Amino acid sequence: LALSFGRFRRGVPRRRATAVLVERSRDGPLPLRTHDDSLQEPGTISLSHTPPQAHPRWRRRVGPRDVGADAMQPRQTSGFSADGALEPAPDALIKNATLRSRSLSDNTKDADDKMRSKRTVVLGVCAMAKKTSSKPMREILSRLPQDFFRIVVFDEQQILEEPVEAWPVVECLIAFHSSGFPLDKAIAYAQLRKPFVVNDLRRQHLLRDRRLVYATLQRAGVPTPRFVALSRDGDAPEAALEEFDDHIVVGGVRIEKPFVEKPVDSDDHNIHIYYPMSAGGGRKRLFRKVGNQSSQYDADVHRVRREGSYIYEEFVDTQGTDVKVYSVGPYYGHAEARKSPSLDGVVLRGPDGKELRYPVILSWLEKDLAFKIYHAFRQTVCGFDILRTHDGASVVCDVNGWSFVKKSRKYYDDCAALLAEHLQHRDATRRPPPREAEDAGRALADIDRPPIQRRPSQPRPPPRPASPDYPPRRELRCVIAVVRHGDRTPKRKLKVKTAAPAIVAVRRA
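Cut-off values and rules
Residues numbered from 1 in each chain as written. Predicted model: local features only at pLDDT ≥ 70, side-chain atom pairs only at ≥ 80, totals over all residues. Heavy atoms only, no water. Pairing = 2+ DSSP bridges. Helix = DSSP H or I, 4+ residues; strand = E, 2+ residues; numbered from the N terminus. Buried < 20%, exposed > 50% of the residue type's maximum accessible area, 1.4 Å probe, protein only. Phe/Tyr/Trp six-rings, centres within 6.5 Å; stacked < 30°, edge-to-face > 60°. Axes fitted to C-alpha atoms, helices over the stretch in contact; angles between N-to-C directions. Parallel < 35°, antiparallel > 145°, perpendicular 65-115°, else oblique. Left-handed = near helix turned anticlockwise from the far one by under 90°. Contact = heavy atoms within 4.5 Å. Nonpolar A, V, L, I, M, F, W, Y, C, P; charged D, E, K, R; others polar. pLDDT = per-residue confidence, 0-100. Expected span 1.5 Å × (residues − 1). Salt bridge = Lys/Arg side-chain N within 4 Å of Asp/Glu carboxyl O. Arc of directions from axis to C-beta.

Draft legend 1. Highlighting the sheet that holds strand E8 (residues 149–153). Taking strand neighbours across the sheet as the criterion, the four strands line up as E8-E7-E9-E10 in an open arrangement whose pairing is parallel. Here the strands that pair on one side only, and so sit at the sheet edges, are E8 and strand E10 (196–197). Bridge count between strand E7 (residues 121–126) and E8: five bridges; the pairing is parallel. Following the sheet pairing, Val125 is matched in E8 by Val153.

Draft legend 2. Layout of unusual backbone geometry. Omega for the peptide link from Lys257 to Pro258 comes to 5°, which places this bond in the cis form. Along the chain, Pro258 falls in the loop between strand E14 (253–256) and strand E15 (259–263). Phi angles above zero are rare outside glycine, and Lys194 is one such case at about 55°. Mapped onto the elements, Lys194 comes out in the loop between helix H5 (183–193) and E10. At Gln319, a residue that is not glycine, the phi angle is positive and equals roughly 60°. Structurally, the position occupied by Gln319 is in the loop between strand E19 (310–314) and strand E20 (321–328). A relative accessible area of 57% means that Gln319 is categorised as exposed.

Draft legend 3. Expanded view of the packing of aromatic side chains. If you walk through the whole model with that rule in mind, you get 15 aromatic pairs. Geometrically, the ring pair formed by Phe154 and Tyr189 is edge-to-face, given 5.8 Å between the ring centres and 90° between the ring planes. On the criterion of sequence distance, the pair formed by Phe154 in the loop between E8 and helix H4 (156–161) and Tyr189 in helix H5 is long-range, its members being 35 residues apart. For the pair formed by Phe154 and Tyr189, the shared burial category is buried. Joined through ring pairs, the aromatic side chains of Phe259, Tyr274, Tyr310 and Tyr312 make up one cluster.

Draft legend 4. Up close: the packing of helix H3 (residues 135–142) against helix H9 (residues 409–424). At a minimum axis separation of 8 Å, H3 and H9 run at an interaxial angle of 55°. When the interaxial angle is binned, H3 and H9 end up oblique. Handedness of the H3/H9 crossing: right-handed. For the pair formed by H3 and H9, the contact residues are Pro136, Glu139 and Ile140 on the first element and Tyr411, Tyr412, Cys415, Ala416 and Leu419 on the second. Residues that form the contact of H3 with H9 fall into these classes: seven nonpolar, no polar and one charged.

Draft legend 5. Focus on the confidence of the model for the chain. Across the chain, the average pLDDT comes to 76, with 67% of residues at or above 70. For the chain, the element scoring lowest by mean pLDDT is strand E1 (residues 2–4), at 39; strand E9 (residues 172–175) scores highest, at 96. Between residues 92–105, whose pLDDT stays under 50, and residues either more than four places distant or in other chains, the model counts 13 contacts. Within the model, the stretch residues 111–117 combines pLDDT values under 50 with zero contacts to residues more than four positions away or in other chains.

Draft legend 6. Inspection of the pairing of E15 at higher detail. The buried fraction of E15 amounts to five of the five residues, a majority that puts the element mostly inside the structure. With burial as the criterion, each face of E15 is covered, one bearing Phe259, Glu261 and Pro263 and the other bearing Val260 and Lys262. Taken together, the three bridges between E15 and strand E16 (residues 271–274) define a ladder with antiparallel strand orientation. When the bridges of E16 are listed, Glu261 appears paired with His272. Taken together, the five bridges between E15 and E19 define a ladder with antiparallel strand orientation. Note on E19: the bridge partner recorded for Pro263 is Tyr310.

Draft legend 7. Fine view of the pairing of E16. Side chains Ile271 and Ile273 of E16 all project onto a buried face; the interleaved residues His272 and Tyr274 project onto the opposite face, where all are buried too. Of the pairings in the sheet, the one linking E16 to strand E17 (residues 283–290) comprises four bridges and is antiparallel in character. Looking at E17, one finds that Ile271 is bridged to Leu286.

Draft legend 8. Region of the structure containing the side chain of Asp209. When you line up the elements, Asp209 lands in the loop between helix H6 (204–207) and helix H7 (210–219). Each residue touching Asp209, except ones within four places of it in the same chain, is listed here: Val264 and Ser266.

Draft legend 9. Inspection of H9 at higher detail. Taking 1.5 Å per residue as the helical rise, H9 with its 16 residues ought to reach 22 Å, and the 23 Å between its terminal C-alpha atoms agrees with that figure. Tyr411, Tyr412, Asp414, Cys415, Ala416, Leu419, Ala420, His422 and Leu423 are the residues of H9 that are buried.

Draft legend 10. Summary view of the sheet that holds strand E12 (residues 241–243). Spatially, three strands are ordered E12-E13-E14 in an open sheet, and the strand pairing comes out antiparallel. The two strands at the open ends of the sheet, each matched to only one other strand, are E12 and E14. In this sheet, neighbouring strand axes are inclined to one another by 15° on average, regardless of whether the strands run parallel or antiparallel. As defined by bridge partners, E12 adjoins strand E13 (residues 247–250) across three bridges and the pair is classed as antiparallel. Of the residues in E13, the one forming a bridge with Glu242 is Val249.

Draft legend 11. Quick peek at the packing of H7 against helix H8 (residues 364–377). The interhelical angle for the contact between H7 and H8, taken along N-to-C directions, is 120°, at an axis separation of 10 Å. In terms of orientation, H7 lies oblique with respect to H8. For the pair H7 and H8, the sense of crossing is right-handed. Contacts between H7 and H8 involve Val213, Thr216 and Leu217 from the first element and Ile373, Ala376 and Phe377 from the second.

Draft legend 12. Quick peek at the pattern of salt bridges. According to the stated counting rule, one finds 22 salt bridges in the structure shown. Measuring nitrogen to oxygen at the nearest pair gives 4.0 Å for the salt bridge that ties Arg338 to Glu355. One end of the pair, Arg338, is in strand E21 (residues 333–339); the other, Glu355, is in the loop between E21 and strand E22 (358–359), with 17 residues separating them in the sequence. As far as burial versus exposure is concerned, Arg338 and Glu355 are alike and both buried. One continuous salt-bridge network, built from bridges that share partners, spans Lys289, Glu336, Arg338, Glu355 and Arg357.

Draft legend 13. Quick peek at H3. Listed as buried for H3 are Pro136, Met137, Ile140 and Leu141. For H3, the angular spread of buried residues about the axis comes to 125°, placing them on one side. Contact partners of the buried residues in H3: E7, helix H2 (129–132), E8 and H9.

Structure follows, in structure tokens:
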């Protein structure tokens with residue numbers, strides 16, 4: 001839309017707007033004739049199409065004196081006339097309007113191309129049927145944008161029996177290990193089809209061995225309980241084990257009772273806690289929840305297990321609570337506290353039958369632990385356990401990989417939104433696959449080293465330089481105010497309890 005204005009001439013305001021709307025056709029730009037605005041209702045302008053064969057290039061001024069049939073006839077005069085007649089439009093104006101029309105047409109074409117290029121992304125979910133059909137998984141997948149993702153859930157029988165060449169072809173892949181899942185086949189499928197993998201498959205091998213988990217955490221600077229590993233499943237010679245009433249010695253490392261005995265297999269949840277004889281001795285068996293029970297105390301068992309590989313770590317007193325963190329990416333974490341199974345073994349449940357859990361706020365040091373764990377294991381959706389000690393320290397005792405929050409609509413919304421953003425920007429976040437052999441070798445090498453003989457303490461964060469590029473890591477959590485009106489004069493009173501007869505008589509009078 002091009003506008004042209006005249007000047008004041010002979011006492012008549014010549015500042016009148018001339019509207020020329022040009023559209024394109026096969027024969028070139030087509031001008032649109034403007035009708036007389038005086039013949040229409042106030043504030044309206046109508047446009048009618050005039051073929052270029054019938055009239056030369058012309059423009060129409062809309063003014064108060066444009067009335068009558070003569071005003072609608074094009075003329076070949078130049079400049080502005082006093083009676084508001086039509087005049088030929090300059091070539092520069094037509095050229096400018098044509099360029100603007102081409103620009104609008106090109107922008108529309110680019111928008112159409114972008115709409116056509118926005119195709120649906122095929123997202124595959126490769127896991128055991130118990131996991132893919134669970135309510136948390138269905139809640140998260142149902143919140144993904146349906147116009148952007150087409151979700152393909154791999155059949156469990158196909159995963160277990162058919163070769164990877166017969167698996168569906170997808171662009172993005174959610175795959176995670178659980179009991180019975182063929183992780184090596186999933187890795188072979190990722191190498192064959194090369195999809196964008198949400199949770200790194202190779203590093204999930206580290207999550208299956210608690211020794212590798214602890215070694216990776218130590219290498220990433222994440223504090224863990226003081227521990228020692230006893231391996232009986234490799235070619236390396238078995239470390240010497242000496243057991244006493246109040247402690248054990250494994251490979252020259254002494255661990256005082258109470259201590260925790262964990263199988264190195266992450267899928268084995270038969271964890272034992274041994275107590276010193278000075279406290280009555282015995283052991284407590286922790287296991288998967290059976291009804292409302294998660295642990296059982298055996299007063300007559302005092303000796304550790306002699307078959308299999310185990311990790312022995314110091315028992316951390318958490319005042320009867322455990323903190324479970326569910327992270328999505330490096331900057332998001334949902335934390336819940338539950339009753340520790342080592343307390344009395346009774347599971348507290350709500351009216352819906354689910355275990356009672358309470359949301360907790362993570363400190364910035366605990367958020368930094370989630371950041372380090374994400375970069376150490378490359379698990380976009382990951383769960384891990386934190387033990388909070390009585391002196392304010394936080395240590396990580398387990399990393400679970402892909403984990404779900406059982407009942408939290410807020411978490412489902414956040415997780416789906418972050419996953420959608422992560423997948424939409426997958427080209428920028430794609431990383432080369434890690435070297436599994438190198439990672440495992442470095443982790444096992446770290447296990448052979450004796451642990452540092454000190455109790456876990458709160459790590460001191462490194463100082464940040466004071467500059468605009470490095471703002472201080474401070475977060476406003478809440479504002480608490482105690483407000484009282486101050487418009488009253490303080491009363492200078494003195495209250496005394498007395499039984500003096502004179503004062504009592506005055507009061508009675």
